[in-house]
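Here is what each chain is made of, one letter per residue.
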Amino acid sequence: VTNTAKLVIESAVTNVARTGPGARLTIRGDLVVAAASGVYPAVWRENTNALPVCVSARNLTVLPGGVVSADSAGYAGGNLPAGIKAGYGPGAGKMLGGGGHGGKGGEQAEGQGGGTYGEETVPLMPGSGGGTWENGNGNYGGAGGGVVWLEVARKLVVDGTISANGEAKSSNYAGGGSGGSLYIRCARFDGQGTLQADGGNAHLTKDGSGSGGGGRIAVWRTTHTFTGTAEQPAAGAAYLASRCGQP
């Protein structure tokens with residue numbers, strides 16, 4: 001995947017909470033993601049649950065500047081124009097609250113942050129959406145992060161970024177989406193890049209809403225020399241510390 005190309009793989013929608021896969025991309029040889037290019041596994045952007053996408057290859061290399069991203073590709077946030085204040089998903093934020101997943105969503109005096117759910121060792125659930133409120137300008141809550149599911153038979157090299165971050169919201173009355181899931185299995189794990197499943201920020205200059213909670217990351221490997229940043233999923237930021245979600 002090169003020359004600023006974007007490879008998007010979407011799975012199907014289902015009303016049943018299952019772990020999938022809903023779609024699978026199988027590469028018999030090697031997959032290389034070059035700088036300014038990306039692979040985007042995504043659930044179909046509807047308000048119901050969707051099954052994650054599984055990407056498998058013999059070897060997978062994400063070069064510096066390349067991405068494998070499911071940012072903002074999880075459960076939708078609240079939709080005020082449709083009269084829906086709460087986000088979607090098992091950890092949906094209510095009203096002004098942030099979505100929860102691996103960590104609880106941020107609270108607000110008028111709202112409620114979403115709770116935790118999912119598995120630590122096999123995380124395959126999308127992040128949940130943040131809520132919104134009619135008396136402000138936050139028409140849409142932040143979407144949760146999606147799911148990056150990678151099955152690499154031999155070597156995974158990450159010098160770029162693999163992420164499933166929740167959506168940040170800059171409007172005053174919209175909660176951030178929670179981080180999604182990274183589930184990675186490989187024989188060898190190398191590189192100096194970054195893994196992220198962070199919650200989305202709330203409004204940073206006004207006291208209006210809660211940020212999203214952190215997602216979940218699990219990397220199963222036999223050996224590794226990875227020296228990059230495999231982040232503990234972080235909660236999003238908010239104007240007040242009391243409005244922040246949990247990692």
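Residues numbered from 1 in each chain as written. Predicted model: local features only at pLDDT ≥ 70, side-chain atom pairs only at ≥ 80, totals over all residues. Heavy atoms only, no water.

Caption draft 1: Examining the packing of aromatic side chains more closely. Considering all chains together, one arrives at three aromatic pairs under this definition. Between the aromatic rings of Trp-133 and Tyr-173, the centroid separation amounts to 5.4 Å while the plane-to-plane angle is 65°, which identifies the pairing as edge-to-face. Residue Trp-133 is located in the loop between strand S5 (67–69) and strand S6 (147–158), and its partner Tyr-173 is located in the loop between strand S7 (161–163) and strand S8 (181–190); the two are separated by 40 residues in the primary sequence. Tyr-173 gets classed as partly exposed once you look at its relative accessible area, which sits at 22%. Relative to Tyr-183, the ring of Trp-149 has its centre 6.1 Å away and its plane inclined at 50°; by these criteria the two rings are tilted. Of this pair, Trp-149 sits in strand S6 while Tyr-183 sits in strand S8; the two residues are 34 residues apart in sequence, bridging distant segments of the chain. Comparing Trp-149 with Tyr-183 shows no difference in burial state: the two are buried. (Phe/Tyr/Trp six-rings, centres within 6.5 Å; stacked < 30°, edge-to-face > 60°. Helix = DSSP H or I, 4+ residues; strand = E, 2+ residues; numbered from the N terminus. Buried < 20%, exposed > 50% of the residue type's maximum accessible area, 1.4 Å probe, protein only.)

Caption draft 2: Summary view of the pattern of salt bridges. Counted under the stated rule, the structure contains four salt bridges. In this structure, Asp-30 and Arg-58 form a salt bridge, with 2.9 Å as the shortest nitrogen-oxygen distance. In this pair, Asp-30 sits in strand S2 (residues 23–33) while Arg-58 sits in strand S4 (residues 53–62), placing the two residues 28 residues apart along the sequence. Linking Glu-151 and Arg-185 is a salt bridge whose minimum nitrogen-to-oxygen distance equals 3.0 Å. Here Glu-151 is found in strand S6, whereas its partner Arg-185 is found in strand S8, with 34 residues between them in sequence. A residue is classified by how much of its surface remains accessible, and Arg-185, at 38% relative accessible area, is partly exposed. (Salt bridge = Lys/Arg side-chain N within 4 Å of Asp/Glu carboxyl O.)

Purely geometric stuff here, so don't read any function into it on its own.
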